[in-house]
Amino acid sequence: MTQIVITVGIMSSISGVLALMLTLANQYIANYGECTITINQDKEFVVEGGSTLLSTLNEQELFLPSACGGKGTCGLCKCAIHEGAGPVLPTETSFLTEEDKEKNIRLSCQVKVKSDMQLGIPEDLLNARKYEAVVESIKELTDTIRFLRIKITDNQEIDFIPGQYVQLLAPPYPGNPEEVFRAYSLASSSSEKDSIELIIGYVEEGLVTTYVHQFLEEGDQVSFNGPFGDFYLQKDSDTEIVLIAVGTGLAPIRSILYQMKEESIDRKTTFFFGAKTEKDLVLADEMREFEEILPNFSYKPVLSRLKDDDPWEGDRGRVTDSIEKYIDDAENKEAYLCGSPVMIESAVEKLKEKGFTDEVIFYDEFG
Ligand SMILES: Cc1cc2nc3c(=O)[nH]c(=O)nc-3n(C[C@H](O)[C@H](O)[C@H](O)COP(=O)(O)OP(=O)(O)OC[C@H]3O[C@@H](n4cnc5c(N)ncnc54)[C@H](O)[C@@H]3O)c2cc1C
Ligand code: FES
């Protein structure tokens, strides 16, 4: 017994010393010094090496999309690194297609700045900015979904396409020592340039949603960056529109509906919105108002967790059941989906059974 305790003690000490040596090595030996980063063979700046490319760019107020905050799980932070990236890392491979590899595309949150780098970043991403703002109001839409109205306070205006998202920063708070950011779809009208609205659901033990639901109060300062994303109504199209969302997936759809109102888009549009019970039908009154305002818009909520004797007279089941019930075929239609990856996967499968192709299905996964 004593021998086991001594052996465990020795092993623990060796591990401790090795960990210390690694930390010191990282601090003193792995000193990459100053590195020059060049973007699109044009913009150039000098940084201290050693951090990930994503956070290095953030420090320069250059924001690439990121839903996971740099954990290497969303695959959104891609950019071309033509020089200075080193070999592709195992943490990147599942996100990179063969075409990505040919174009030197890498995950910026995984690649560290260790030498001079030549980057290729699409110009529209370089327009994403950081905004300082204040929380003007908070409404509890349900026990787990909050509606935030946020006013920009640094004299900037936000210019976005309905359907896009921003990254909200949560500062350190009790239980979370680090600043983290996550993606949230803009739910407001893009004609409002000095304020944004977000609809944020609580995720148990989620870092940013815990901050939003348990710490954030009206009057608090917040920052966000953006806009990002390519989920928006296709330009120059006059097809029928099928909108499908569950839960907070309603956020970008709401912004798109404002766009349709303001730009007098009168394409036939059906919005299938899935929720558990009637109290989870967030902003249902607004959706019914859109039915009054938009001549060819209809809102079709569907509830999945009703008791047999519940007096609800609308559709019952999942949004996929509504696709089955209301959509005959894919002719002259585009589908826009937003919400959990599980819903999107099964809805896309159902749409494909109806003849929809990848070219006419657009979605944002909130996972
Ligand atoms: C483009 C885009 C737009 C988005 N827009 C919105 C939006 O408008 N409103 C909104 O509420 N969310 C939205 N999200 C999701 C959001 O970015 C966060 O992923 C989510 O709020 C969880 O963040 P967190 O920091 O609280 O949880 P994390 O700390 O990131 O996660 C904690 C744990 O919960 C799991 N988890 C993460 N998200 C979920 C989830 N949704 N359900 C169940 N488990 C989960 C994680 O795998 C992890 O195990 C969007 C995501 C993307 C990619
Ligand atoms: S930020 Fe999510 S994978 Fe890089």
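Further up the page is the structure itself.
Residues numbered from 1 in each chain as written. Chains lettered and ligands numbered in written order. Predicted model: local features only at pLDDT ≥ 70, side-chain atom pairs only at ≥ 80, totals over all residues. Heavy atoms only, no water.

Explain the overall build of the chain to me, please; I cannot follow it from the model alone.
Helices and strands together make up the secondary structure of the chain, namely nine helices and 17 strands. Expressed along its principal axes, the backbone C-alpha trace of the chain runs to roughly 70 × 60 × 45 Å. With 367 residues in all, the chain has 47% of them scored as buried. Total accessible area computed for the chain in this model is approximately 19200 Å², and 49% of it derives from carbon and sulfur atoms. Averaging the locations of the 34 positively and 64 negatively charged side chains of the chain gives two centres separated by 3 Å. (Helix = DSSP H or I, 4+ residues; strand = E, 2+ residues; numbered from the N terminus. Buried < 20%, exposed > 50% of the residue type's maximum accessible area, 1.4 Å probe, protein only. Areas by Shrake-Rupley, 256 points an atom, 1.4 Å probe, with all protein chains shown as cover. Lys, Arg positive; Asp, Glu negative; His and termini not counted. Charge placed at Lys NZ, Arg CZ, Asp CG, Glu CD.)

Would you mind showing me how to read the sheet that holds strand β13 (residues 269–275) here?
By way of backbone hydrogen bonds, the strands of a sheet pair with one another, either parallel or antiparallel. Pairing within the open sheet is parallel, and its six strands lie in the order β15-β14-β13-β12-β16-β17. Taken across any chain shown, the strands that pair with only one partner, and hence form the sheet edges, are β15 (315–316) and β17 (361–365). Inspection of the sheet shows β13 paired to strand β14 (residues 297–303) by seven bridges, in the parallel sense. Counted as the bridge partner of G274 is V302 from β14. Across the sheet, helix α6 (residues 250–262) is in contact with β12 (240–246), β13, β14 and β16 (333–339); its angle to β12 comes to roughly 150°. (Pairing = 2+ DSSP bridges. Contact = heavy atoms within 4.5 Å. Axes fitted to C-alpha atoms, helices over the stretch in contact; angles between N-to-C directions.)

No statement about biological role is implied by the geometric values presented.
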